Amino acid sequence: MSQTSSSSVDAVRVLVRLHRILERADAGLTVPQYRVLAAIAQGGVRSAHLAERLAVRRPTLTVIADGLVTAGYACRESEAGDRRVVRLHATDAGRAALARADEALADRFDRILAEIPHPKRLVSDLLTIGDALDARLSADLATPANSAAPADPLTANPTGVPAL
């Protein structure tokens, strides 16, 4: 078993603390709701693909989506020709809620960025990490489901707890 570096552990702990700070922002949405709404606001997304993209189990996604639908922030639509395929779409109210949450979360994050020496570098590095995660997910989705590829610890989430 490899030894995890102390700096990696420290960085993970900072990310977890940052997550907690963002959770406490008055965003009008929980962080899991925010993540789902942000993903579906870009266009209708199949629930199965959304669960994989957000690294949550399908039942977890269903609970979050149910809350967004109940709040009027999202709707479900069956795909023409295959009613088994359901896509989630953001409603106008959902896009407005997302814009308010974006502002509240960005404000909270900007206050933290103002206290560090190289805020633009951190933002750039975070966006690079996001791109790497998206590329990894695309590669995983391109792999046939019946292949023997091992689960990726960066995207797999066996607990069903929403990922950061």
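Preceding this paragraph is the structure being described.
Residues numbered from 1 in each chain as written. Predicted model: local features only at pLDDT ≥ 70, side-chain atom pairs only at ≥ 80, totals over all residues. Heavy atoms only, no water.

Trainee: Hey, could you go over helix α5 (residues 92–113) for me, with residue numbers and the actual values?
Mentor: The end-to-end C-alpha distance of α5 is 31 Å, a good match for the 32 Å that 22 residues give at a rise of 1.5 Å each. For α5, every residue scored as buried is listed here: G94, A97, L98, A101, A104, L105, F109 and L113. Summarising the contacts, the buried residues of α5 are in contact with α1 (6–23), α2 (31–40) and α6 (119–142). (Helix = DSSP H or I, 4+ residues; strand = E, 2+ residues; numbered from the N terminus. Expected span 1.5 Å × (residues − 1). Buried < 20%, exposed > 50% of the residue type's maximum accessible area, 1.4 Å probe, protein only. Contact = heavy atoms within 4.5 Å.)

Trainee: Could you give an account of the pairing of strand β3 (residues 82–90), naming the residues involved and the relevant values?
Mentor: Where strand β1 (residues 45–46) meets β3, two bridges bridge the pair, whose relative direction is antiparallel. Following the sheet pairing, R46 is matched in β3 by R87. Alignment of strand β2 (residues 74–79) against β3, held across six bridges, turns out to be antiparallel. The residue bridging A74 from the neighbouring strand is A90, located in β3. The antiparallel hairpin formed by β2 and β3 contains two residues in its connecting segment, where G81 sits at a positive phi of about 90°. (Pairing = 2+ DSSP bridges.)

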